[in-house]
Amino acid sequence: MSDWQATLARKAELRDRAGLRRELRPRPAAEPMVDLAGNDYLGLSRHPQVIAAASAALDAYGLGATGSRLVRGTTELHTELEQELAAWIGAADALVYSSGYLANLGVVRALVTPQTVLIADEHVHASLIDGCRLAGARTVTYRHADPDHLASLLGEHRKAVVLTESVFSVDGDLAPLRELHDVARAHHALLLIDDAHGLGVVEDSTAGLAGADDVVITATLSKALGGAGGVVAGPSALVRHLIDTGRTFIFDTALPPAVAAGVRVAARLAITSPELRVELRSRSLYAHRRLADAGFRVRPAAASADPASAPPARVSGPAGGIVSVEAPSAELAATWAAECRRTGVAVGCFRPPSTPDHVSRLRLTINVGVPRAAFEQALEKVVEAAP
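Residues numbered from 1 in each chain as written. Predicted model: local features only at pLDDT ≥ 70, side-chain atom pairs only at ≥ 80, totals over all residues. Heavy atoms only, no water.

Visitor: Which residues make up the packing of aromatic side chains, and what are the values?
Guide: Tallying each qualifying case throughout the model produces 3 aromatic pairs. Both rings, one in Y97 and one in F249, keep their centres 5.5 Å apart while their planes meet at 70°; by these two values the pair is edge-to-face. Residue Y97 is found in strand β2 (residues 93-97), and its partner F249 is found in helix α10 (residues 247-250); the two are separated by 152 residues along the sequence. In terms of burial, Y97 and F249 fall into one category: buried. A ring pair is formed by Y286 and F375, whose centres lie 6.2 Å apart and whose planes are at 55°; its orientation type is tilted. Of the two residues, Y286 is situated in helix α12 (residues 274-293) and F375 in helix α14 (residues 372-384); the sequence distance between them amounts to 89 residues. Here Y286 falls in the partly exposed class, since its relative accessible area comes to 25%. Positioned above the aromatic ring of Y286, the side-chain terminus of R372 is 5.4 Å from the ring centre. (Phe/Tyr/Trp six-rings, centres within 6.5 Å; stacked < 30°, edge-to-face > 60°. Helix = DSSP H or I, 4+ residues; strand = E, 2+ residues; numbered from the N terminus. Buried < 20%, exposed > 50% of the residue type's maximum accessible area, 1.4 Å probe, protein only. Lys NZ or Arg CZ within 6 Å of the ring centre and 35° of its normal.)

In structure tokens:
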């Protein structure tokens, strides 16, 4: 074995000892596992209308986009999707990427000048962290969901971009977006909101800020919309800049037309089917209460008893589709997740460095496509499987 491979093998051994080994687990098309791990919140990935639209586009355009967006990859489906996403989100314009990760990398770089300081919530997603690193700008973090700490940091910098998620991906808590925006605006800073886990899941997940000239929204199309891809939504000048200069847009093969077609229909279904969000909220609260009653430390820390009792910006507990349960250690988190799989329940297993506070968790994500009875039975299995 060569020296560099030996080094990698040694690092793998150390990860094994720390309980940080990760595994790829191929799943068949029709598996009996109850899904409490994926991000298909509204159950739209298999909706007949979504499948029909994707199938028709597959017949019309073929498997892939065959090129980057600026060469041959832009179809009428891409343009129509962008227009409809901009209208839904409430922004002036939108640009679709092949992944949400690339959308975040690209937009962070686009918002940076040599004088810019990036100020990020300490719990933001890895794609925003990597975007900050690639942008080459000075980056500082503010305490999670803390507008006062943000204000103190902004007071030290003349030109800044503030980065946050709307619904945080690890624990499912909501950011205080209006307060963050008030602070950012008072200091002439831009606010970048990653709405990956809010779009289609939480009504007005960006707190009505999407059309503001100092706000930029990003999101994935792979969660509530059940497809793939990402979007940047904001002022038209930003979209123009991304088309002309954004490397993660210019040099990447476009989203397949079939996926664009399916996502477009999924977005329409999400808009016109509020009952899906109501059911998602009901299940999230049920899961939170059941796990807390069983004695687990569940995040977010508190939940509202009534799904309609408060507007999204004020709701505590799981406003979206994420419920996280703390595990004693990384090794026991993996053991717990494995026992859940053995009993037919797929759950997310989050361990460092994927967690912002070095605390390991099981992350449960709600999918309204799972029958309610099966969902409730799966929760009981999660409780029983605890180490």
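Picking up where we left off.
Visitor: An account of the nonpolar core is needed here, citing residue identities and associated values.
Guide: Core analysis: the largest hydrophobic core is formed by 88 residues, its most contacted members being I119, L291, W336 and V347. Ranked by the residues each element gives to this core, the list is headed by helix α11 (residues 257-272), at 9 residues. Excluding residues within four positions of it along the chain, V347 makes contact with L36, A37, A337, C340, L362, R363, L364 and V382. With 26 residues, the next largest nonpolar core counts V108, V112, V124 and L242 among its residues. (Core = buried A, V, L, I, M, F, W, Y, C linked by side-chain atoms within 4.5 Å. Contact = heavy atoms within 4.5 Å.)

Visitor: Summarise the packing of helix α5 (residues 100-110) against helix α6 (residues 126-135); cite the residues concerned and give the values.
Guide: Their axes nearest at 8 Å, the elements α5 and α6 cross at an angle of 35°. Taken as a pair, α5 and α6 cross one another with a handedness that is right-handed. The segment α5 lies against α6, with Y101, N104, L105, V108 and R109 engaging A126, S127, L128, D130, G131, C132, L134 and A135. Looking at the contact of α5 with α6, its residues break down into 8 nonpolar, 3 polar and 2 charged. (Axes fitted to C-alpha atoms, helices over the stretch in contact; angles between N-to-C directions. Left-handed = near helix turned anticlockwise from the far one by under 90°. Nonpolar A, V, L, I, M, F, W, Y, C, P; charged D, E, K, R; others polar.)

Visitor: I'd like a rundown of the pattern of salt bridges, residues and numbers included.
Guide: Going through the model one piece at a time under the given rule, you end up with 25 salt bridges. Residues R143 and D146 are paired through a salt bridge, measuring 3.2 Å at the closest nitrogen-oxygen approach. Using a relative accessible area of 45% as the deciding quantity, one classes R143 as partly exposed. On the basis of relative accessibility, which here comes to 19%, the residue D146 falls in the buried class. Notably, a salt bridge pairs D244 with R240, separated by 2.9 Å at the nearest N-O pair. With D244 and R240 both in helix α9 (residues 236-245) and 4 residues apart, the pair spans about one turn of that helix. Of the residues examined, R240 reaches a relative accessible area of 46% and is grouped as partly exposed. Salt bridges here are not isolated pairs; linked through shared partners, they connect D171, R297, R299, E326, D357 and R361. (Salt bridge = Lys/Arg side-chain N within 4 Å of Asp/Glu carboxyl O.)

Visitor: Lay out the sheet that holds strand β5 (residues 160-165) with the relevant residues and their values.
Guide: Backbone hydrogen bonds are what pair the strands of a sheet, in a parallel or an antiparallel way. Strand order in the open sheet formed by 7 strands is β2-β8-β7-β6-β5-β3-β4, and the pairing between neighbours is mixed. This sheet does not close on itself; its edge strands, each paired only once, are β2 and β4 (138-142). Neighbour to neighbour, the strand axes of the sheet diverge by 20° on average, direction disregarded. The pairing of strand β6 (residues 190-194) with strand β7 (residues 215-220) spans 4 bridges and is classified as parallel. Residue D194 lies in a different strand from β7, and its bridge partner there is T218. (Pairing = 2+ DSSP bridges.)

Visitor: Got a sec to walk through helix α2 (residues 48-61)? Specific residues and values, please.
Guide: Compared with an ideal rise of 1.5 Å per residue, which puts 14 residues at 20 Å, α2 spans 20 Å between its outermost C-alpha atoms and is within 8% of the ideal. What α2 keeps buried is the set V50, A53 and A57. Seen from one end, α2 has its buried residues packed into an arc of 70°, which puts them on one side. When the buried face of α2 is taken as reference, the exposed residues oriented beyond 90 degrees from it are P48 and D59. (Expected span 1.5 Å × (residues − 1). Arc of directions from axis to C-beta.)

Visitor: Hey, could you go over the sheet that holds strand β12 (residues 361-365) for me, with residue numbers and the actual values?
Guide: Judged by pairing direction, the sheet is mixed, and its 5 strands sit side by side in the order β1-β11-β12-β10-β9 without closing on themselves. Lying at the two open borders of the sheet, with one neighbouring strand each, are β1 (34-36) and β9 (298-299). Alignment of β9 against strand β10 (residues 322-326), held across 2 bridges, turns out to be antiparallel. Within β10, the position partnered with V298 by the bridge is V325. Against the sheet, α12 touches β9, β10 and β12, its axis set at about 15° to β10. Against the sheet, helix α13 (residues 330-342) contacts β10, β11 (345-350) and β12, and its axis sits at roughly 165° relative to β11.

Visitor: Explain helix α7 (residues 147-154) to me, using residue names and the numbers behind them.
Guide: Residue pairs spaced three or four apart in an α-helix point in one direction, given the helix's 3.6 residues per turn. Burial in α7 covers these residues: P147, H149, L150, L153 and L154. In a view along the axis of α7, the buried residues occupy a sector of 160°, so they form one face of it. The inward-facing, buried residues of α7 abut β3 (117-121), β4, β5 and α8 (177-186). Where α7 begins, one side-chain oxygen reaches toward the backbone nitrogen of D148, 3.1 Å away; that side chain belongs to D146. (Polar contact = N/O pair within 3.5 Å; in protein donor to acceptor, adjacent residues only side chain to side chain.)

Visitor: Describe the pairing of β4, with residues and values.
Guide: By the bridge criterion, 5 bridges tie β3 to β4 in an arrangement that is parallel. The residue bridging V117 from the neighbouring strand is R138, located in β4. In this view, the connection linking β3 to its parallel neighbour β4 by way of α6 has right-handed handedness. (Right-handed = clockwise from strand over helix to strand, strands pointing away.)

Visitor: Can you tell me about the side chain of R277, naming the residues and giving the values?
Guide: Looking at where R277 falls in the secondary structure, it is placed in helix α12. Residues within four places of R277 in sequence aside, it is in contact with L42, G200, V201, V202, E203 and A270.

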